[in-house]
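What follows is the residue order along each chain.
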Amino acid sequence: GGVRLTGDPHPSKGRVEIYHNGTWGTVCPDSLGDAEAQVVCMELGYAGGKASIVNTPSSKGDVRIWMDGVHCTGRESRLQKCSSNGWDAQTCHLSQDVVITCDDMEGQLRLAGGKNTHEGRVEIYHRGEWGTVCDDRWTLREALVVCQQLGYPTAITYH
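Note that the structure is predicted; figures quoted are calculated from it, not measured. (Residues numbered from 1 in each chain as written. Predicted model: local features only at pLDDT ≥ 70, side-chain atom pairs only at ≥ 80, totals over all residues. Heavy atoms only, no water.)

Regarding the sheet that holds strand β8 (residues 120–126)
Part 1 of the argument: The strand order across the open sheet built from three strands is β7-β8-β9, with neighbouring strands paired in antiparallel fashion. Each edge of the open sheet is held by one strand with a lone partner, namely β7 (109–113) and β9 (129–132). Averaged over all pairs of adjacent strands, the angle between their axes in this sheet comes to 45°, without regard to strand direction.
Part 2 of the argument: Summarising the sheet, β8 and β9 pair through four bridges and their orientation is antiparallel. Directly across from E123, in β9, lies its bridge partner T132. (Pairing = 2+ DSSP bridges. Helix = DSSP H or I, 4+ residues; strand = E, 2+ residues; numbered from the N terminus. Axes fitted to C-alpha atoms, helices over the stretch in contact; angles between N-to-C directions.)

Shown next, in the form of structure tokens:
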């Protein structure tokens, strides 16, 4: 089964649900923290994520609780590979909920090290960190694409 985030208009944020036996259900929030958020977000294709507690649970008994006691190291490839109390656990009490917010900056660009925000070295965000972009064979055309992605109408120079 897969995982998804629900309850928020942004696809990179929400309560985690897992698909099992043909039905979507939730994961008990009691043990969900940043390591579990990291695994969920990576499984969904994001660079990582964080968990935050919400005092009002979004599920009021209308959603099946598939997993309880989930503990991850943060290195698992899927939530199902984390340790847990097993499927269909009934020891969960939904007094609060956990919202996972995934880092959806993957592939974003920025200019760094310039005299102002309109110039600098091109960097790209990949797997949770910023790195430089090799500029071999760059022309004004590539600079124009970067500038347009950053919201500028044109590129004036490049080196």
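Picking up after the structure, the text goes on.
As for the confidence of the model for the chain
Part 1 of the argument: Of the residues in the chain, 91% reach a pLDDT of 70 or more, and the chain-wide mean stands at 85.
Part 2 of the argument: When pLDDT is averaged over each helix and strand of the chain, the minimum, 85, is found for strand β4 (residues 49–54) and the maximum, 93, for strand β1 (residues 3–6). (pLDDT = per-residue confidence, 0-100.)

Here's the deal with the packing of aromatic side chains
Part 1 of the argument: All chains considered together, the criterion is met by three aromatic pairs.
Part 2 of the argument: With centroids separated by 6.3 Å and ring planes inclined at 80°, the aromatic side chains of W66 and W87 adopt a geometry described as edge-to-face. With a gap of 21 residues between them, W66 in strand β5 (residues 65–67) and W87 in the loop between β5 and β6 (97–102) connect regions that are remote in the sequence.
Part 3 of the argument: Across the ring face of W24, the terminal group of R4 is positioned such that the distance to the ring centre comes to 4.0 Å.
Part 4 of the argument: Here R64 stacks its cationic end above the ring of W66, 4.6 Å away from the centre of that ring. (Phe/Tyr/Trp six-rings, centres within 6.5 Å; stacked < 30°, edge-to-face > 60°. Lys NZ or Arg CZ within 6 Å of the ring centre and 35° of its normal.)

So, the state of the cysteines
Working definition of a disulfide: a covalent bond connecting the sulfur atoms of two cysteines.
Part 1 of the argument: If you walk through the whole model with that rule in mind, you get two disulfides.
Part 2 of the argument: The disulfide partner of C41 is C102, and the S-S distance across this bridge is 2.0 Å. An S-S torsion of about -85° defines the bridge between C41 and C102 as left-handed. Placement of C41 in helix α1 (residues 34–43) and of C102 in strand β6 is noted, with a sequence separation of 61 residues between them.
Part 3 of the argument: Looking at C41, the relative accessible area reads 0%, which means it is buried. (Disulfide = S-S within 2.5 Å. Buried < 20%, exposed > 50% of the residue type's maximum accessible area, 1.4 Å probe, protein only.)

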